[in-house]
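# Per-entry structural report
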Amino acid sequence: PGGFLEVITGPMFAGKTTELIKRIERQAFARRKVALFKPSIDTRYSKEEVVAHNGLRYEAFVVPTDENGVRRIMETTIREGFEVIGIDEVQFFPIEIVDVLNRLADEGVYVIASGLNLDFKGDPFPVTRELLVRADNIVYLTAVCTVCGRPATRSQRLIDGKPAPRNSPVILVGGRESYEARCREHHIVPEE
Ligand code: ADP
Ligand code: MG
């Protein structure tokens, strides 16, 4: 009863984490039992908190990005009776998280999942894609293109300031030094 699956997506710097924290905070003010989860590989700013690029932060459960992490999210939510859960950087978890979050929503939990739309090559992250088509509500955010200032829907990976080639690894956790928000026109993926 009252379960809901909400997906916040977009490129890096779109304000996904800010929006997630804002929504979790509002639910806490409404006296719902809330919890925020984040993957252990995202330790860019803090180990125990979800931190946005603008400094906004919120206490979080840190879980590994494997089946154990997915199980921890499910078990912690059920055991503690959390009514609202947020998951940041959801694209880093294995695909099993889709079913788990969908089922928790069926069981009455308000699930808010925040994740990247596309990898640096412009290909969808499967977890985000599968969550999006099951969502009860989608919040699609854009950033500002660092080249032209138009709305940015893509994440440009840079190596020594130059666009990263297609054959570089998909997952590379980084901030402003290795990624920029770009529009379709200014998103560049060299073949080599
Ligand atoms: P996300 O989780 O989507 O990466 P955050 O919520 O962590 O985004 O950070 C959003 C903040 O990033 C913005 O409020 C702004 O202060 C900052 N920012 C830095 N670069 C950009 C950009 N190119 N476009 C928009 N916001 C940017
Ligand atoms: Mg974020």
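Residues numbered from 1 in each chain as written. Chains lettered and ligands numbered in written order. Predicted model: local features only at pLDDT ≥ 70, side-chain atom pairs only at ≥ 80, totals over all residues.

Here is the rule we go by: UniProt positions are given in the numbering used here, feature names are shortened, and annotations may be inferred rather than shown by experiment.
The name given to the chain in an unreviewed UniProt entry is Thymidine kinase, and the organism recorded there is Thermococcus gammatolerans. In its Sequence similarities (unreviewed entry) section, UniProt records this for the chain: "Belongs to the thymidine kinase family." Within the UniProt record for the chain, the comment given under Subcellular location (unreviewed entry) is "Cytoplasm".

### Focus: the overall build of the chain
Rules: The helix and strand labels rest on DSSP assignments: H or I over at least four residues marks a helix, E over at least two residues marks a strand, and numbering proceeds from the N terminus. As defined in this context, the radius of gyration uses C-alpha atoms, and a globule is described by 2.2 Å times the residue total to the power 0.38. Any two residues are considered in contact once their C-beta atoms, placed from the backbone, lie within 7 Å.
Along the chain, the regular secondary structure elements total 4 helices and 13 strands. In terms of overall size, the chain behaves like a compact globule, its C-alpha atoms giving a radius of gyration of 16 Å where 192 residues would be expected to give roughly 16 Å. Oriented by its inertia axes, the alpha-carbon framework of the chain measures out at about 50 × 30 × 30 Å. A sequence separation of at least 24 residues applies to 75% of the contacts in the chain between residues at least 6 apart.

### As for the environment of V133
Quick note on the threshold: The burial label depends on the number of other C-beta atoms within 10 Å of a residue's C-beta. Counts of 20 or more mean buried, 12 or fewer mean exposed, and intermediate counts mean partly exposed, with C-beta atoms placed from the backbone.
Mapped onto the secondary structure, V133 falls in the loop between helix 4 (126-132) and strand 8 (137-140). According to the C-beta neighbour criterion, V133 is exposed, with 9 such atoms within 10 Å. Between the C-alpha atoms of V133 and V7, which are 126 residues apart in sequence, the distance is 9.6 Å.

### Re the site of ligand 1
What counts is decided by this rule: In this entry, near means the residue's backbone-placed C-beta atom lies within 6 Å of the molecule or strand. Each residue gets one of three labels, nonpolar for Ala, Val, Leu, Ile, Met, Phe, Trp, Tyr, Cys and Pro, charged for Asp, Glu, Lys and Arg, and polar for the others, Gly among them.
Taken together, 15 residues form the shell around ligand 1, and within it K16, T17, T18, A52 and H53 come nearest. At the level of secondary structure, the elements contributing two or more residues to the shell around ligand 1 comprise helix 1 (16-29) and strand 9 (143-144). Ranked by the residues each element gives to the shell around ligand 1, the list is headed by helix 1, at 3 residues. Tallied by class, residues from the shell around ligand 1 come to 7 nonpolar, 7 polar and 1 charged.

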